[in-house]
Amino acid sequence: MSTLLASRLKQRRKELKLSQKELADGICKQGQISRLENGEYTPGSDLLHDLAKRLKVSMDYFFDEENNSIRNSELLDFKNLSKKFILYRNYESLRYIYELENAKKHQLSLSDKMYMEWIHSLIQFYYYEKKDKAIDQLEETLSQFKKTDINYLRLANTLSNYYYEVNELEKFEVINKDLILKVSSIQIVTVEELELVLKIKYNFCRHLWLKKDIESAIKETTETIEQCKKYSSTYHLADLYCLLGNISESLSNKKLTKEYFETAKFLYDLDNNQQMVLNIEHYIMDNY
């Protein structure tokens, strides 16, 4: 087991002045906490999630190496901003911060270089609409990863969206089937893994809806919403409720469908995504 996890767990428990028994209460056995802190036991994602909540930290707290490098700090800011712009589909702003970051002279790790390649492909595809170039670039970048690498899953998920949007449906089906299979076996430990799983599942739900497989789309979307709730995550939750509203429109229960859209609007408002708030407000006024 990670020695960082063991030391962080013990450090945080002591910061909160909790005994091992108090930390374990209602979650697990005291002996498991002792074994965790001694590096003798690897927890499952559910146990780690419960311990993180008790200790008032994110799951990433147990795994992120502390790094005082200014360069890494700057790239972390870039990644956080990128994630927000991608979620909001704000590709103009994404292009702007990418060009600022890319103009700097610095050394990046292989992982960070691949991250920048991924961002560049998104800009090529969605902002400049150079779709063939973006696909070629991402296929080349993807070939450099092992299929077990979390970065492979992130890039493959984006590539599956590209294939779908340019109507390369055979390639889409192959890569999407592989993604869903791999996601089902991921042991969620970090926030990064959780958010990637939710993103891939959201895309899968959306494609089921577009294929008009309504029954499967409702089942998968509802299960993904429950997974968000299980991990106390709002990542893609607004999108999932909005999607559930869209899926449910083919059914007869207009009251329930409206509730899904209103829940999505509330979540978008919490996330300060005012464009989507206005879009849903207008849609509800016009249709309900």
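Residues numbered from 1 in each chain as written. Predicted model: local features only at pLDDT ≥ 70, side-chain atom pairs only at ≥ 80, totals over all residues. Heavy atoms only, no water.

Trainee: Where do I start with the packing of aromatic side chains in this structure?
Mentor: Centre distance and the angle of the planes are the two values used to describe a pair of aromatic rings. As enumerated under the stated definition, the model contains 10 aromatic pairs in all. One aromatic cluster in this structure is built from Tyr 91, Phe 125, Tyr 126 and Tyr 162. (Phe/Tyr/Trp six-rings, centres within 6.5 Å; stacked < 30°, edge-to-face > 60°.)

Trainee: I'm lost on the packing of helix 11 (residues 191-210) against helix 13 (residues 237-248) in this one. Help?
Mentor: Each pair of packed helices can be summarised by the angle the axes make with each other and by the distance between the axes. Remark: helix 11 packs on helix 13, axes separated minimally by 11 Å, with the N-to-C direction vectors making an angle of 15°. When the axes of helix 11 and helix 13 are compared, the pair comes out roughly parallel. Note on packing geometry: the crossing formed by helix 11 with helix 13 is left-handed. On the side of helix 11, the interface is formed by Tyr 202, Cys 205, Arg 206 and Trp 209, while helix 13 contributes Asp 239, Leu 240, Leu 243, Asn 246 and Ile 247. Tallied by class, residues from the contact of helix 11 with helix 13 come to six nonpolar, one polar and two charged. (Axes fitted to C-alpha atoms, helices over the stretch in contact; angles between N-to-C directions. Helix = DSSP H or I, 4+ residues; strand = E, 2+ residues; numbered from the N terminus. Parallel < 35°, antiparallel > 145°, perpendicular 65-115°, else oblique. Left-handed = near helix turned anticlockwise from the far one by under 90°. Contact = heavy atoms within 4.5 Å. Nonpolar A, V, L, I, M, F, W, Y, C, P; charged D, E, K, R; others polar.)

Trainee: For this particular structure, what's the right way to read the confidence of the model for the chain?
Mentor: The predicted coordinates of low-pLDDT regions are not to be read in fine detail. On average, residues of the chain carry a pLDDT of 87, and 94% of them reach 70 or more. For the chain, helix 5 (residues 70-87) is the element with the lowest average pLDDT, namely 73, and helix 13 is the one with the highest, namely 96. Across residues 66-73, confidence stays below pLDDT 50; counting only partners more than four residues off in sequence or on other chains, it has seven contacts. (pLDDT = per-residue confidence, 0-100.)

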